[in-house]
Amino acid sequence: MAACMAKAHRDRQDPFPPTDWSNVRMVHGAAEDRRQALEQFLLRYRPAFYRYLRSRGLSHERAEDITHDFIADRILRADILARADAGRGRLRAFLVTALRNYAVSRLRRGDGDRAVSDELLRHWSAPDRRPDVFDRQWAATVFAQAVERTRASFDEPGQAPIWALFEARVLRPLLERVEIEPYDRFIAEGRFRDVQQATNALTTAKRAFRRAVRAVVREYVTDPAEVELEVHELRAILERTAN
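Remember, it's a predicted structure, so these values are computed and weren't measured experimentally.

Rules of the game
- Residues numbered from 1 in each chain as written.
- Predicted model: local features only at pLDDT ≥ 70, side-chain atom pairs only at ≥ 80, totals over all residues.
- Heavy atoms only, no water.
- Helix = DSSP H or I, 4+ residues; strand = E, 2+ residues; numbered from the N terminus.
- Buried < 20%, exposed > 50% of the residue type's maximum accessible area, 1.4 Å probe, protein only.
- Areas by Shrake-Rupley, 256 points an atom, 1.4 Å probe, with all protein chains shown as cover.
- Phe/Tyr/Trp six-rings, centres within 6.5 Å; stacked < 30°, edge-to-face > 60°.
- Axes fitted to C-alpha atoms, helices over the stretch in contact; angles between N-to-C directions.
- Parallel < 35°, antiparallel > 145°, perpendicular 65-115°, else oblique.
- Contact = heavy atoms within 4.5 Å.
- Nonpolar A, V, L, I, M, F, W, Y, C, P; charged D, E, K, R; others polar.
- Bend = angle between axes of the 7 residues up to and from the residue.
- Core = buried A, V, L, I, M, F, W, Y, C linked by side-chain atoms within 4.5 Å.
- pLDDT = per-residue confidence, 0-100.
- Left-handed = near helix turned anticlockwise from the far one by under 90°.
- Salt bridge = Lys/Arg side-chain N within 4 Å of Asp/Glu carboxyl O.

> Explain the overall build of the protein to me, please; I cannot follow it from the model alone.
Along its length, the protein carries eleven helices and zero strands. Sequence-ordered secondary structure for the protein, helices as α and strands as β, is α-α-α-α-α-α-α-α-α-α-α. Scored against the burial criterion, the 243 residues of the protein give a buried share of 43%. Element-wise, carbon and sulfur atoms account for 50% of the exposed surface of the protein, whose accessible area totals about 13100 Å².

> So what exactly am I meant to see when it comes to unusual backbone geometry here?
Leave glycine aside and you will find that most residues have negative phi; peptide bonds, for their part, are mostly trans. Even without a glycine there, the phi angle at arginine 177 is positive, about 60°. Looking at where arginine 177 falls in the secondary structure, it is placed in the loop between helix H8 (160-175) and helix H9 (183-188). Residue arginine 177 is classed as exposed on the basis of its relative accessible area, which comes to 68%.

> Please clarify how the packing of aromatic side chains should be interpreted in this entry.
Geometry of an aromatic ring pair is reported as the spacing of the ring centres plus the angle between the planes. In the structure shown here, the tally under the stated rule is six aromatic pairs. Relative to phenylalanine 209, the ring of phenylalanine 143 has its centre 5.6 Å away and its plane inclined at 65°; by these criteria the two rings are edge-to-face. Of the two residues, phenylalanine 143 sits in helix H7 (residues 132-153) while phenylalanine 209 sits in helix H10 (residues 195-218), which places them 66 residues apart along the sequence. Per residue, the accessibility class of phenylalanine 143 equals that of phenylalanine 209, and both read buried.

> Would you mind showing me how to read the packing of H8 against H10 here?
When two helices pack together, you describe them by how their axes are tilted relative to each other and by the distance separating the axes. At their nearest, the axes of H8 and H10 sit 9 Å apart, and the two run at 85° to each other. It follows from the interaxial angle that H8 and H10 lie roughly perpendicular. Between H8, through Ile162, Leu165, Phe166, Arg169 and Val170, and H10, the contact on the second element is made entirely by Ala198, Ala201, Leu202, Ala205, Lys206 and Phe209. Residue composition of the contact of H8 with H10, by class: nine nonpolar, no polar and two charged.

> Just checking my understanding: could you explain H8 for this structure?
A turn of α-helix holds 3.6 residues, and therefore any two residues three or four places apart point the same way. At glutamate 167, H8 is bent by approximately 40°, the largest bend along its length. Within H8, burial applies to Pro161, Ile162, Trp163, Ala164, Leu165, Phe166, Ala168, Leu171, Pro173 and Leu175. Looking one or two places after H8, you find arginine 177, whose phi comes out positive at around 60°.

> What is the right way to read the nonpolar core from this model?
Nonpolar side chains in soluble globular proteins generally cluster together in the buried interior. Counting 32 residues, the largest nonpolar core has Leu165, Phe166, Phe209 and Val213 as the members making the most contacts within it. For this core, the secondary-structure elements that each account for two or more residues are H7, H8, H9, H10 and helix H11 (224-242). Each residue touching leucine 165, except ones within four places of it in the same chain, is listed here: Val170, Tyr183, Phe186, Phe192, Ala198, Ala201 and Leu202. Core analysis: the next-biggest nonpolar cluster, separate from the first, contains 26 residues, Tyr50, Ile71, Leu91 and Val96 among them.

> Before we go on, may I ask you to explain the confidence of the model for the protein in this structure?
Note that predicted coordinates carrying low pLDDT should not be read in detail. In this model, the protein carries a mean pLDDT of 77, and residues with pLDDT of at least 70 account for 72%. By mean pLDDT, helix H1 (residues 2-11) is the weakest element of the protein at 45, and H9 is the strongest at 96. pLDDT under 50 marks residues 1-28. Its contacts with residues more than four places away, or in other chains, come to 95 contacts.

> What am I meant to see in the packing of helix H4 (residues 60-77) against helix H5 (residues 91-108) here?
Two elements in contact, H4 and H5, have axes separated by 10 Å at closest approach and are oriented at 115°. The angle between H4 and H5 falls in the class roughly perpendicular. By crossing handedness, the relation of H4 to H5 is classed as right-handed. Between H4, through Arg62, Asp65, Ile66, Asp69, Phe70, Asp73 and Arg74, and H5, the contact on the second element is made entirely by Leu95, Ala98, Leu99, Tyr102, Ala103, Arg106 and Leu107. Across the contact of H4 with H5, the residue classes break down as eight nonpolar, no polar and six charged.

> Can you walk me through the pattern of salt bridges in this structure?
Should the charged atoms of two oppositely charged side chains come close, the side chains can pair. Enumeration over the complete set of coordinates arrives at nine salt bridges. Ionic pairing is found between arginine 214 and glutamate 228, a salt bridge with its closest N-O pair at 3.1 Å. In this pair, arginine 214 is assigned in helix H10 and glutamate 228 in helix H11, connecting sequence segments 14 residues apart. Residue classification places glutamate 228 among the partly exposed residues on the basis of a relative accessible area of 39%. One continuous salt-bridge network, built from bridges that share partners, spans Glu181, Arg185, Glu189 and Arg191.

Pasting the structure below:
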């Protein structure tokens, strides 16, 4: 999981995000709301469509083409979001199924001038046995976005030592598998008076990170109860992947 989160932290890319039913409802609103909602939807989901196709063995070029055509044919023209129903489950599961079916249909038709091997067809016709790939991507990117927002929140005069402490004692050990830096180093450098002050500073940073996680999730869902459910799911995914 650390490698997955580290890549997302470097790339700053969105995975399949958490349930986005409020944004989907806006897609069917007034013209201006629809335009903005579609822009946000595609900004968040297009990279995930592409990465899913690549994870199932498609080349860069083929994955790009199918991603583009899926958006044009199914999301924009056929308006499959109109059939999405919050009562039937997570939006990302609905989209994954639609994308997979579209890709299988394209591959069976021969995908233009490019040959499609029997092995690739068999692979795509078989059930997808890695449904958690989307959840892992989502968890990694929510983590990366929250890290970036936490860093920005300490980008003020006098706040840099707090971020440096959080990075040295939490982030780098998690992402890079390095040893946790001792408080003594920061005290010797004059960044903190004593261990108590450093401990309090780290607690402040951790709280800021938790707030950042919720802020990221609130961009996808508006119901406070849903926010807490998504945060709970994020923790569960991270724990499952780490074990």
